[in-house]
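Survey of secondary and tertiary structure
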Amino acid sequence: MTADLKKCTSPCIKSLRETLYGPFREWLTKITGIPLNDTIDMNGSRYTDRDVLLCHDDALEGRRIAYILYLVPPWTAADGGTLDLFKVDENRQPTVVGRSLMPSWNTLAFFEVGPVSFHQVSEILSSDKVRISINGWFHGPDIERPEASDTALSPLQTSLTLDVDVLFDWVNPNYLDLLMQVQIREKFEEDSEIELEHFLKEEKYQEVIAALQSTKTSWLSRGPANRRHYEKADSDTVPEVLLQCLQLLSSDAFFLTLSNFTGLALHELSPESDDESGADSDSAAGGASCTEKVEKVVESGIV
């Protein structure tokens, strides 16, 4: 997205701005009955391959009508990038796409912003086309927006106790080395994030990928489209290798490994975090290894 175009001095942008927020705004007020004011809220957007804008409602103070002027090359449905408008349920939560508008050169789309104006830009599927637009909002008096009903969160589950060998069956052994875990922890503490390449053993990774791509797995939609939205596999259709992977990720062994990676106390047997204990990352090398702690869990039967 570009910076605010309200003060852009380009002759073309200036002329477009004066037209949109001059005679066009007056016409829009007349046909919609919404008393729009002279607030200018205008910018540009550029979407390329794999870009997407998730479901939202544009409901910020003063926004009454949203608009998009498309400046795209010849476009087809196969290119993605549609403007999807959602239907809502009895709780005013977005459910499914009710209408999709495909971008088209020199086409202006606009819609009223309100409590149920949920929309998204679907994923761009073209590697050589760019979805460019001038977009913004016309402002007017605020309207009352009732609070959306919240959706219940799924209860947290306790970790599972698995044989420690399962961890070594799935995870790249380089990441189970204590000295490597110390290095990972230092990097994580410095950057607050880390990417561990080839984390699973190659054969296990390939098995998981094949299972995820299986057409036999049935996926069920969960949550409204604008928050905590995901698809969950029907447990009756999930391949055995995926169940095994989920068990691994939910196990004591894995939570203790994550504790070693992050320095966070993610399990009752994990050491205190550095912030709590004052220990530095060097001292971690002298502590009990992940393997030793996992074995304690297995022996004690703690869940």
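The structure reproduced in this document is the subject of the present report.

Parameters and conventions
- Residues numbered from 1 in each chain as written.
- Predicted model: local features only at pLDDT ≥ 70, side-chain atom pairs only at ≥ 80, totals over all residues.
- Heavy atoms only, no water.
- Phe/Tyr/Trp six-rings, centres within 6.5 Å; stacked < 30°, edge-to-face > 60°.
- Helix = DSSP H or I, 4+ residues; strand = E, 2+ residues; numbered from the N terminus.
- Buried < 20%, exposed > 50% of the residue type's maximum accessible area, 1.4 Å probe, protein only.
- Lys NZ or Arg CZ within 6 Å of the ring centre and 35° of its normal.
- Axes fitted to C-alpha atoms, helices over the stretch in contact; angles between N-to-C directions.
- Parallel < 35°, antiparallel > 145°, perpendicular 65-115°, else oblique.
- Left-handed = near helix turned anticlockwise from the far one by under 90°.
- Contact = heavy atoms within 4.5 Å.
- Nonpolar A, V, L, I, M, F, W, Y, C, P; charged D, E, K, R; others polar.
- Core = buried A, V, L, I, M, F, W, Y, C linked by side-chain atoms within 4.5 Å.
- Pairing = 2+ DSSP bridges.

According to the stated counting rule, one finds nine aromatic pairs in the structure shown. When the ring of F24 is compared with that of F110, the centres are 6.3 Å apart and the planes differ by 80°; the resulting orientation is edge-to-face. Placement of F24 in helix α1 (residues 11-32) and of F110 in strand β6 (residues 107-112) is noted, with a sequence separation of 86 residues between them. The class for F110 is partly exposed, based on a relative accessible area of 34%. Considering the side-chain rings of F24 and F138, the 6.0 Å spacing of their centres and the 40° angle between planes classify their relative orientation as tilted. Placement of F24 in helix α1 and of F138 in strand β8 (residues 131-139) is noted, with a sequence separation of 114 residues between them. In this structure F24 comes out as buried when scored by relative accessible area, which is 17%. The buried category is assigned to F138, whose relative accessible area is 1%. An aromatic cluster is present here, built from Y21, F24, W27, Y67, F110 and F138 joined pairwise through their rings. Between the NZ or CZ atom of R63 and the centre of the ring of W137, over which it lies, the distance is 3.4 Å.

Here we take up the packing of helix α4 (residues 202-212) against helix α5 (residues 240-249). Between α4 and α5, whose axes approach to 9 Å, the crossing angle comes to 120°. The pairing of α4 with α5 is recorded here as oblique in orientation. The two elements α4 and α5 meet at a crossing, and its hand is left-handed. Within the contact between the two elements, α4 uses K204, E207, V208, A211 and L212 and α5 uses V241, L242, Q244 and C245. Across the contact of α4 with α5, the residue classes break down as six nonpolar, one polar and two charged.

Side chains that are nonpolar tend, in soluble globular proteins, to be buried together. In terms of nonpolar packing, the biggest core is built from 18 residues, with L167, W170, V171 and F199 touching the most fellow members. Counting only elements with at least two residues in this core, the list comes to α2 (164-170), α4, α5 and α6 (252-262). Counting 14 residues, the second largest nonpolar core, distinct from the first, contains F24, I65, I134 and F138.

This part takes up the sheet that holds strand β5 (residues 94-101). Within the open sheet, the four strands sit side by side as β2-β7-β4-β5. Their pairing is antiparallel. Across the chains shown, the open sheet's two edge strands, defined by having one partner strand only, are β2 (53-56) and β5. The mean inter-strand angle of the sheet, taken between neighbouring strand axes irrespective of direction, is 20°. Pairing analysis gives two bridges linking β2 to strand β7 (residues 119-121), with the strands arranged antiparallel. Bridging from a neighbouring strand, L53 pairs with V121 of β7.

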